[in-house]
Structure formats: C-alpha cells, structure tokens
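Secondary and tertiary structure notes
The chain contents come next:
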Amino acid sequence: RKSMGGKPSSAKKSPNNKEVKLLLLGASDAGKTTITKQIKMMYKGGFTLGDRNRFKDLIRECILRNISTLATMCRSQFNYPLSVESEIYYQLLPDDNNTITPKIAQAIIQLWGDEAIQKVYHNHGHEIHIGDNVAYFLDHTDRIAEETYVPSEEDILRLRIRTTGIGEMLFTMDDTTYNLVDLGGRRAERRKWIHCFENVSAICFCVALSEYNLKLFEDDQTNRLHESLTLFGELCRSRWFSSSTFILFLTKRDIFEEKIKHVPLSVCFPEYQGGSSVEETTTFIQNKFQDLLFATNNRTLYSHTMCSIDRNNVQAVFDSVKDSLLER
C-alpha cells in the first residue's frame, strides 16, 4: 500500500535534523491505519478532494457489503427471519456496486432497522467479522447517500482499510523528522516486515483492547489478544530491536469501555480474577506486555491507552512518544 493519500510523502530535513524511524506494528485490525490517517491530518495537510472521493466509494461499498452480509446471514446461517417488507427490500440491493440511489438508501435503512438484522449484528457480528465501524456508517446512510456527499474527517478515520505491504510517511514534529513505517498485520504480510528492521528508533506496537473476545480473521481458532502477545514477544526477543524503544498503543479504548461491562476479561485470560473496571482490566493487559519486554534485559515499556479517532488524544500520545525518545 502506498502512503495514505497517493504519492509517498516527503519532509525536508535540516542539516542537523536526524530522522527518527518509527515502526508501526501489530496484528490485523489493531488500529494502525487510523493512527496513520490522524498523523496525515495533523502534520501533512490532510486529504485532498481526490482522496475524499476515493474514500467516498470505499465507504459506500462498506455499507452495501455489510448490510448484504447481515441480511444474508439472517436468511441462511442464523434462524432470524426478516420481516416480509425487509425481504422485498433485500432484493433491491445491488451486486458489487458502490452507488447508493435514493431507492437503495431506503432499502438499506429499512434492513438496518429490522429486528432480525439487529440481532445478528449484536449477537453474532464478531463471528462473521462485521467491523466495529459498521454501525456508524449504517446509522449515517441518509447523509452518505446524498449526491453531494463528501466524507468528513470522522468518516475517513472510521473507515477500515486493510494495510498490505509497506507504507511510509515522513512528517516533522518540533524540528524533528519522523519516518512512520506502517506494516500490514495479517500473518501473510509479516514476512515483509524484516525489510524494514534496520535503524529503528522505536517500535510502536498496536493492540486493540476491544478484541479480547475475538478470533483472527485468518484463523478462527486463535484469540486476537493472544496473537498480539505472541507477536510482541517475538519482537522483544529479536536482535534487531535490542536497543530500540518499545511503545505500546492500547487502541479502541472507547469500544473496550462498553464491551467490558458485558463481556468479562476472563474469556481471554481465565486466570484473571479481578473486577470489570476499565482501569483494572487495562492494567492487567498492559502488564502482560510489560512482562514480555522486561524478560529481555529489564527494559521499560512506554504504554498509552488511546481512542484513535480522537484527535486530541492521538496528539497527546505522540507528544509523549517524542518525550520517550528524548530520554534515550
């Protein structure tokens, strides 16, 4: 994947300005792409109209694909019959199209409001890999279907784009040039990582807090948080990063705060005997990663919980990242 927004970005360096290389790593769906989009908005001038039109097509495609999946699952995999009216609207959904006409928008809104589809979404969405952004877009179908629609910054941030290959973005913060390298997180993509392992100042490892009860897209037997711990342990033990700073981004805090009220952390860690408070559960997860790093030369892990769609939060985290690197 090219850097966000088309051509690879560039930043001029002063003669005394050392480039700081940050690797943005993590398993799939950990929130890496949302962070790179925030950085582009904060330090690279944001997205052009051409970029936004490209996102518009992807957002509409997301809406159509997911409402179709939900309706199909109601009718085939789960015993949740659609209403007679919804069955009629289901027939109006187009195949492989990102055009949402007024009639199709009406069909989507009707289907999304159907009790059966809501049951599948809330009870089985994680089983059929319906993303945590889908409800947001379906709730805004009317606006997104308008002929004059241009995606807002929040729309762009909430759009899930799977990272493939290697994306690099140069940006300057307080007279220091950073090279943020975003690498695809699925297992098939990880063999490419080694090409970027030289001269790394810091590993920024992303973990989605909210995915403690979910399985991998590419392996429906493996828990996502367990996969993140395994991957993080391998990086900690790698000779390539023996002198690199390790920074943990615990992402999707907002979703985690709601989920932990209903789904206990013990579904992921049976040994966990604490309460369901966000602070206690987050600390438990954070310590799992700290223990892995501490086992390799007693190193300190700089950890941040974050909501990647919150601009101020991401800004504060990267200010802290800068300070962490200055301590080296």
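You'll find the structure just up there.
Report follows, based on the coordinates. Everything quoted here is computed from the prediction, not taken from an experiment.

Turning next to the packing of aromatic side chains. Summed over all chains, the structure comprises 14 aromatic pairs. A centroid spacing of 5.2 Å and a plane angle of 85 degrees characterise the contact between Phe-47 and Phe-55, whose relative ring orientation is edge-to-face. Assigned by exposure class, Phe-47 and Phe-55 land together as buried. Of the aromatic side chains, those joined through ring pairs into one cluster are Phe-205, Phe-232, Phe-246 and Phe-289. The side chain of Lys-40 reaches across the aromatic face of Phe-47, ending 5.6 Å from its centre. It is Lys-259 that lies over the ring of Tyr-212; its NZ or CZ is 5.9 Å from the centre.

With that settled, the discussion passes to the packing of helix α2 (residues 49-75) against helix α5 (residues 115-124). Axis separation between α2 and α5 bottoms out at 9 Å; the angle between their running directions is 100 degrees. Taken together, the axis directions place α2 and α5 in an arrangement best described as roughly perpendicular. Within the contact between the two elements, α2 uses Ile-67, Leu-70, Ala-71, Met-73 and Cys-74 and α5 uses Ala-116, Ile-117, Val-120 and Tyr-121. Residue composition of the contact of α2 with α5, grouped by class: 9 nonpolar, no polar and no charged.

As a further point, take the sheet that holds strand β4 (residues 202-208). Overall, mixed pairing links the 6 strands, which are arranged β2-β3-β1-β4-β5-β6 in an open sheet. The outermost strands of the open sheet, each flanked by one partner alone, are β2 (166-173) and β6 (301-305). The mean angle between the axes of side-by-side strands here comes to 20 degrees, regardless of whether they run parallel or antiparallel. Here 4 bridges tie strand β1 (residues 19-25) to β4, and the two strands are oriented parallel to one another.

Quick notes on the rules
- Residues numbered from 1 in each chain as written.
- Predicted model: local features only at pLDDT ≥ 70, side-chain atom pairs only at ≥ 80, totals over all residues.
- Heavy atoms only, no water.
- Phe/Tyr/Trp six-rings, centres within 6.5 Å; stacked < 30°, edge-to-face > 60°.
- Buried < 20%, exposed > 50% of the residue type's maximum accessible area, 1.4 Å probe, protein only.
- Lys NZ or Arg CZ within 6 Å of the ring centre and 35° of its normal.
- Axes fitted to C-alpha atoms, helices over the stretch in contact; angles between N-to-C directions.
- Helix = DSSP H or I, 4+ residues; strand = E, 2+ residues; numbered from the N terminus.
- Parallel < 35°, antiparallel > 145°, perpendicular 65-115°, else oblique.
- Contact = heavy atoms within 4.5 Å.
- Nonpolar A, V, L, I, M, F, W, Y, C, P; charged D, E, K, R; others polar.
- Pairing = 2+ DSSP bridges.

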